Amino acid sequence: MGIQRTQAVIIPRMEVKKLVKKKRVRNTAISIFTLLMIVFIWWLVTDGLHLVASSAMASPVKVVQTFFRKMTDKSPDGATLLQHTLASLKIAMVGYFLAVIIGVPLGIFMAWIKVVDLMVRPIFDLIRTIPGIAWISLLIIVFGVGNTSRYIVVFLAAVVPCILNSFSGIKQTKDVHLWVGQTFGAGSRQLLWSVAIPTALPMIMTGVKVALGASWMTIVAAELLASSRGLGFMIQQGRGIYRPDIIMVGMVVIGIIGGIMAKVLDLISKAIIKGR
Amino acid sequence: MKKLTAVILAVVMSVVCFAGCGNKTEPDNTVSSTPASSEPSETQPESKDFEQLNVACIVFSSGIPVLYAYDMGWFEEAGLDVNLEVFANGAAVNEAIAAKQIDIAVSGFASVYALAASECTWLADVNTTNSIAIYARPDSDIVTASGDALLGSAETVKGKKIITNLGTSSQYNVDTYLSQFGLTESDVEMIHMDYSTGYQSFIAGEGDLIATSNPYSADLDAAGYVNVGTLTATSGISLMDGCFARNAVVENRPEEVTLFLGVLLKAMDALQDEEVRFEYSLDKFAEIGNTYTEEGLRSEFTTTKYVGTEFISREDYVLGGAWVPIAEWLTTEGKISEENLPNIAKSIDGSFLCEASGINFKSYGE
């Protein structure tokens with residue numbers, strides 16, 4: 001009886017690295033296997049067992065064929081896949097960066113200055129739940145059928161998480177930290193820049209990441225507005241001409257690009273908030 | 001207390017989930033035909049246990065005969081158990097057909113894609129579509145150019161912004177209009193919008209021309225905008241909206257298909273009376289979310305005629321005559337593949353309507 005003492009096990013550094021690498025390879029293999037299983041089930045349902053008609057859901061083989069054909073073929077919607085993708089990226093990125101540039105500072109000031117919060121919050125609470133597609137008619141009347149209307153649809157979708165997360169991040173600043181700053185003679189501005197914003201940075205970056213997803217997802221709605229190019233336009237056209245393969249190519253490309261952008265933003269986020 | 005709250009919440013959420021996933025009773029745009037009495041009346045044919053027939057129509061003129069027949073109880077009288085669903089456009093109907101949720105549909109231009117996929121049979125024409133047209137503003141330089149059925153010239157049309165719904169009969173209207181002046185889509189700026197958004201944009205001052213259909217054509221006519229070219233004038237083709245069914249339904253339920261077409265023809269004949277059509281259509285369009293002005297609706301009657309018994313009795317009547325030339329154009333646009341083009345002609349079958357009406361007319365390809 002008594003306290004059982006365990007002996008500390010010292011694992012050599014090389015062994016630790018091997019273990020970590022092994023775990024990473026295993027995790028990647030599980031992810032790849034899951035994806036392959038989904039594709040296999042998809043193939044089984046369509047080309048394999050013909051449980052679903054090809055006019056209702058295209059098989060993965062057909063989607064891949066259409067993907068490569070659309071790289072060079074402008075028909076049936078007037079542009080190649082690359083042209084559609086670049087057009088969508090332009091709309092999404094302009095709307096997104098506008099949302100970040102306006103939304104993040106606005107959220108910070110709403111949280112830091114009471115008057116700003118009182119002025120902006122009623123309008124913000126009103127518009128935040130309105131879906132982008134509902135704005136279309138109004139935006140056309142005010143801004144016309146050019147790109148401006150589409151940028152604004154994306155902006156409205158992306159600005160909400162930017163404002164919300166920036167606001168929450170600032171509000172979550174611990175009073176103790178602010179008191180310490182005040183004790184050392186820091187003014188309001190200094191407290192904001194040196195204490196509150198660095199504390200809020202992880203939340204702000206989360207909002208920026210969510211906004212990226214929101215802006216990319218809104219592309220389909222934005223491209224209902226007088227588009228002749230774009231992935232959302234391509235999907236709409238595919239729907240109109242009974243081509244589920246084109247619809248699915250559009251969905252897959254939207255998914256892949258969204259994933260790549262999220263990964264890039266993740267790396268940037270880790271670099272910015274490293275050590276905080 | 002927390003546990004009790006959590007349990008109550010979980011129960012409420014489960015009940016809501018099951019209620020949401022349960023059988024639908026009467027959704028907004030779905031109507032179901034259930035017999036008022038289980039005993040057949042003297043006017044009813046011999047009662048048979050037909051399965052529910054899922055029928056789709058769209059919120060345009062082509063849907064009115066089906067809706068009229070349903071509201072008059074004629075499907076019920078014919079012994080059919082019809083579940084009627086109203087869709088916003090032909091693309092949505094095609095999706096429902098592909099998912100086998102719809103058995104018979106009355107739709108427009110988008111039907112060609114269902115025929116090309118070799119999954120459906122074109123059974124009957126329902127109405128003419130002379131409302132598909134291109135409009136310009138009264139003060140446009142296009143209007144002052146000479147022309148009889150067509151207004152405009154290569155100089156006045158080139159470089160113009162044309163609002164149109166790409167992939168529909170309106171785009172076909174634009175392409176055939178441009179070809180009259182030796183122009184193509186690359187000589188103008190095509191702005192893609194759905195019909196309602198396009199109409200709002202055009203009257204707000206956007207675009208130089210708009211290619212559209214009813215009810216927007218009727219409203220533009222009534223508001224003084226100038227029709228520069230109908231689809232019939234630009235293409236020489238009389239496109240018809242009509243009725244088609246899934247091949248499986250045509251093969252396995254021919255009696256129901258014939259009965260349905262008989263009722264549809266009866267409704268089209270009844271709606272030849274313009275006052276009957278006006279009274280019914282005005283209220284019904286408002287109900288299904290497609291608002292016409294009285295003036296606009298009257299204007300539509302001049303361009304959109306229901307087919308009816310007299311129409312199919314004409315010696316020169318051919319069922320589905322417009323589809324093949326339209327499909328050939330769609331093939332050049334890459335919207336229908338070359339291998340699917342022959343399916344269009346093979347998908348036209350007037351025999352069911354011949355049996356329902358007692359009139360022998362030709363189908364395309366006969």
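Predicted model only: the values in this text are computed from it and were never measured.

Draft legend 1. Region of interest: the interface of chain B and chain A. Counting from both sides, the interface comprises 24 residues of chain B and, opposite them, 20 residues of chain A. For the side of chain B that touches chain A, the secondary-structure elements that each account for two or more residues are α4 (90-98), α5 (111-116), β8 (189-192) and α9 (195-203) of chain B. Considering only residue class, the side of chain B that touches chain A consists of twelve nonpolar, eight polar and four charged.

Draft legend 2. Spatial organisation of the domain arrangement of chain B. All names here are of chain B. Split into domains, chain B comes out as domain 1 (51-129 + 239-363) and domain 2 (133-235). Residue assignment for the side of domain 1 that touches domain 2 shows that the elements contributing at least two residues are α15 (294-303) and α17 (323-332). Residue contributions to the side of domain 1 that touches domain 2 peak at five residues, all from α15. Looking at the side of domain 1 that touches domain 2 residue by residue, the class counts come to seven nonpolar, eight polar and three charged.

Draft legend 3. Quick peek at the nonpolar core. Counting residues in each nonpolar core, the largest one holds 167 residues, and the members touching the most others are V154 and A158 of chain A together with L123, L261 and L264 of chain B. Leave out the neighbours within four places in its chain, and A158 of chain A touches G95, Y96, A99, A211, A214 and S215 of chain A.

Draft legend 4. Looking closely at the confidence of the model for chain A. On average, residues of chain A carry a pLDDT of 88, and 95% of them reach 70 or more. Looking at the elements of chain A, mean pLDDT is at its lowest for helix α9 (residues 219-222) of chain A, recorded as 78, and at its highest for helix α3 (residues 81-112) of chain A, recorded as 95.

Draft legend 5. Main features of the sheet that holds strand β9 (residues 209-212) of chain B. Residues and elements named next belong to chain B. As summarised here, the arrangement of the five strands in space is β8-β7-β9-β6-β10, forming an open sheet in which the pairing is mixed. If you trace the sheet from one side to the other, it starts and ends with β8 and β10 (226-230), each paired once. The sheet shows a mean angle of 25° between the axes of neighbouring strands, direction not considered. Sitting on the sheet, α9 is in contact with β7 (161-164) and β9, with an inclination near 155° to β9.

Draft legend 6. Region of interest: the pairing of β9 of chain B. All names here are of chain B. Neither face of β9 is open: one carries L209 and A211, the other I210 and T212, and all of them are buried. Where strand β6 (residues 133-136) lies against β9, four bridges are found, and the strand directions are antiparallel. Bridge pairing links A136 to L209 in β9. Relative to β9, β7 is paired through two bridges, and the arrangement is parallel. By the bridge assignment for β9, I163 is matched with I210.

Draft legend 7. Spatial organisation of the environment of W179 of chain A. With respect to the secondary-structure elements, W179 of chain A resides in helix α7 (residues 175-183). In this structure the C-alpha to C-alpha distance between W179 of chain A and T218 of chain A, which are 39 residues apart in sequence, comes to 42 Å.

Draft legend 8. Summary view of the packing of α3 of chain A against helix α4 (residues 114-127) of chain A. All names here are of chain A. Look at α3 against α4: their axes get within 6 Å of each other, and the N-to-C directions meet at 125°. Put simply, α3 runs oblique to α4. Seen from above, α3 lies across α4 with left-handed handedness. Packed against α3, whose contacting residues are L106, F109 and M110, the element α4 presents V116, D117, V120 and R121 at the interface. By residue class, the composition of the contact of α3 with α4 is five nonpolar, no polar and two charged.

What counts, and at which threshold
Residues numbered from 1 in each chain as written. Chains lettered and ligands numbered in written order. Predicted model: local features only at pLDDT ≥ 70, side-chain atom pairs only at ≥ 80, totals over all residues. Contact = placed C-beta atoms within 7 Å. Helix = DSSP H or I, 4+ residues; strand = E, 2+ residues; numbered from the N terminus. Nonpolar A, V, L, I, M, F, W, Y, C, P; charged D, E, K, R; others polar. Domains from an automatic or database assignment. Core = buried A, V, L, I, M, F, W, Y, C linked by C-beta atoms within 7 Å. Buried ≥ 20, exposed ≤ 12 C-beta atoms within 10 Å, placed from the backbone. pLDDT = per-residue confidence, 0-100. Pairing = 2+ DSSP bridges. Axes fitted to C-alpha atoms, helices over the stretch in contact; angles between N-to-C directions. Parallel < 35°, antiparallel > 145°, perpendicular 65-115°, else oblique. Left-handed = near helix turned anticlockwise from the far one by under 90°.

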